[in-house]
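Listed below are the residues making up each chain.
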Amino acid sequence: YLVKPLPADELKARVGAILRRRFWGVAEAAAEGSPPAAAPKAQIAQLLVQLADLISPGAANRSFQVVSAAQWLAENLGMRPEERPHLDLAAQLHEIGKAGLPPRLARSRSTPLPRQDFETFRAYAAVSHVLLRNIDLFEHPAVLIRHLFENWDGSGVPDHLHQGRIPLGSRILRLLVDFFDDLDAVSNPAARKKTLETLQSRMALLYDPAVFLALLQYVQHHLDASLA
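The notes below deal with the structure included here. Model, not experiment: these values are computed from the prediction. (Residues numbered from 1 in each chain as written. Predicted model: local features only at pLDDT ≥ 70, side-chain atom pairs only at ≥ 80, totals over all residues. Heavy atoms only, no water.)

1. Brief notes about unusual backbone geometry
- Along the chain, V157 connects to P158 via a cis peptide bond; the corresponding omega equals 10 degrees.
- Within the element layout of this structure, P158 appears in the loop between α8 (139-146) and α9 (168-179).
- Of note in this structure, A204 is not a glycine but carries a positive phi near 70 degrees.
- Structurally, A204 can be placed in the loop between α11 (189-201) and α12 (209-227).
- On the basis of relative accessible area, A204 is assigned to the partly exposed category, the value being 38%. (Helix = DSSP H or I, 4+ residues; strand = E, 2+ residues; numbered from the N terminus. Buried < 20%, exposed > 50% of the residue type's maximum accessible area, 1.4 Å probe, protein only.)

2. As for the side chain of D178
- Structurally, the position occupied by D178 is in helix α9.
- In this structure D178 comes out as buried when scored by relative accessible area, which is 9%.
- Not counting residues up to four positions away in its chain, the partners in contact with D178 are S110, L199 and Y207. (Contact = heavy atoms within 4.5 Å.)

3. Notes on the packing of helix α7 (residues 124-132) against α8
- Where α7 meets α8, the axes come as close as 8 Å, and the angle between the chain directions of the two elements is 165 degrees. As the angle between them shows, α7 and α8 are arranged roughly antiparallel. Here α7 and α8 pass one another in a crossing that is left-handed. Side by side, α7 and α8 meet where A125, S128, H129 and L132 of the first sit next to E139, A142, V143, I145 and R146 of the second.
- The residue makeup of the contact of α7 with α8, split by class, is 5 nonpolar, 2 polar and 2 charged. (Axes fitted to C-alpha atoms, helices over the stretch in contact; angles between N-to-C directions. Parallel < 35°, antiparallel > 145°, perpendicular 65-115°, else oblique. Left-handed = near helix turned anticlockwise from the far one by under 90°. Nonpolar A, V, L, I, M, F, W, Y, C, P; charged D, E, K, R; others polar.)

4. Quick notes on the packing of aromatic side chains
- Tallied over the full model, the rule gives 6 aromatic pairs.
- A ring pair is formed by F118 and F149, whose centres lie 6.0 Å apart and whose planes are at 90 degrees; its orientation type is edge-to-face. In this pair, F118 sits in helix α6 (residues 115-121) while F149 sits in the loop between α8 and α9, placing the two residues 31 residues apart along the sequence. Of the two residues examined, F118 and F149, each falls in the buried class.
- An angle of 75 degrees between the planes, with centres 5.3 Å apart, marks the rings of F121 and Y124 as edge-to-face.
- Here a set of aromatic residues connected by ring pairs shows up, and it is made of F118, F121, Y124 and F149. (Phe/Tyr/Trp six-rings, centres within 6.5 Å; stacked < 30°, edge-to-face > 60°.)

5. Digging into α8
- When we look at burial in α8, the residues that qualify are P141, A142, L144 and I145. One side of α8 holds all its buried residues, which, seen down the axis, span an arc of 160 degrees.
- Looking at the buried positions of α8, the neighbouring elements they touch are α4 (84-93), α7 and α9. (Arc of directions from axis to C-beta.)

6. Overview of the packing of helix α3 (residues 59-76) against α9
- Here α3 crosses α9 at 140 degrees, and the two axes come no closer than 10 Å. On the basis of the axis angle, α3 is oblique to α9. Our pair here, α3 against α9, has a crossing hand that is right-handed. Facing α3, whose interface residues are V66, A69, A70, L73 and A74, α9 presents I172, L173 and L176.

7. Digging into the nonpolar core
- Formed by 57 residues in total, the largest nonpolar core has its most connected members in I172, L176, F179 and L215.
- For this core, the element with the highest residue contribution is α3, accounting for 8 residues.
- In this structure, F179 is in contact with V186, R192, T195, L196, L199, L215, V219 and L223, ignoring residues within four places of it in sequence. (Core = buried A, V, L, I, M, F, W, Y, C linked by side-chain atoms within 4.5 Å.)

8. Thoughts on empty space enclosed by the protein
- Taken as a whole and assessed by the stated rule, the structure comprises 2 cavities of 30 Å³ or more.
- What lines the largest cavity is E150, N151, W152, I166, R171, R174, L206, Y207 and D208.
- The class makeup of the residues in the lining of the largest cavity is 4 nonpolar, 1 polar and 4 charged. (1 Å grid on protein atoms, 1.4 Å probe; cavity = no way out; pocket = protein on both sides within 12 Å on 5 of 7 lines; lining within 4 Å. Points joined across faces, edges and corners; volume = space filled by probe spheres on them.)

9. Points about the layout of surface pockets
- In this structure, the largest pocket occupies an estimated 310 Å³ of space.
- Considering the residues around the largest pocket, the lining is formed by 13 residues, among which R115, F118, R174, R202 and L206 are closest to the centre.
- Broken down by element, the lining of the largest pocket gets its largest block of residues, 3 residues, from α6.
- Residue composition of the lining of the largest pocket, grouped by class: 3 nonpolar, 4 polar and 6 charged.

The analysis is restricted to geometry; functional conclusions fall outside its scope.
Below you can see the structure in the form of C-alpha cells.
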C-alpha cells in the first residue's frame, strides 16, 4: 500500500522488496526442480507500469501507445525477431525511473520544459536503467532504456553515441517517446501534424531519419486511417 505523493526512496525500496520476493520464489522452485507457480515477467512488468502511472499520470496509456507503434516500426525497420520482446519491455517500463524526479517534473510533459529542467527530467532514463539492469528478465530492455536520450548527431546522453552506434531499439524509443508525449495532441489531426513537423525539424539531429520516415508511415496507415 502506497500513499501519494510517493516518496522516491520508499518507492524504490518497495519495488526492490517485491522483486526480491518474486524472484526468490522462482529461484526456489527452480532449485527444487518444479516450475514456478506463474511466469513473473508479465506480472512484474504490469506492476511496474502501474507504479509508473502513479508517479507520472498517463504513463500507462503512453506505454501502451509506444509499445504498439514500436512493434510496427521494429518489424518494418528489420529488427531481428529475438530483439523485439526487449523493445516491448523497454517501451513499457522506461518511465519507472521518474520515481527519482522531483514530483513537479515527474508529472510534467517533456516538450515545454526549460532546458535546465529538461536536463534533470531526462535523467529518469538512467534511473530506470539502474532499477532494471540487475534483474535478469529486464537486463536487455534496461540497456535500451539507458540509451533513450542518445541523439542521432552524438549530442545526447549518457554516452554520446552516434548514429548506428545507438541501439535500434533506443532510436525507436527516442522518437516515439517524444511523439506520444502529449496523447491529446496525437489524437487531434491538426495538433498531430504540428507535432510531426516539429519532430521532422529535429530529424538527423535527435532522430534517426529512417525511424522518422517509418513513423510517418505508421501514422498514415494506423492513426490517420482510424480517423478517416
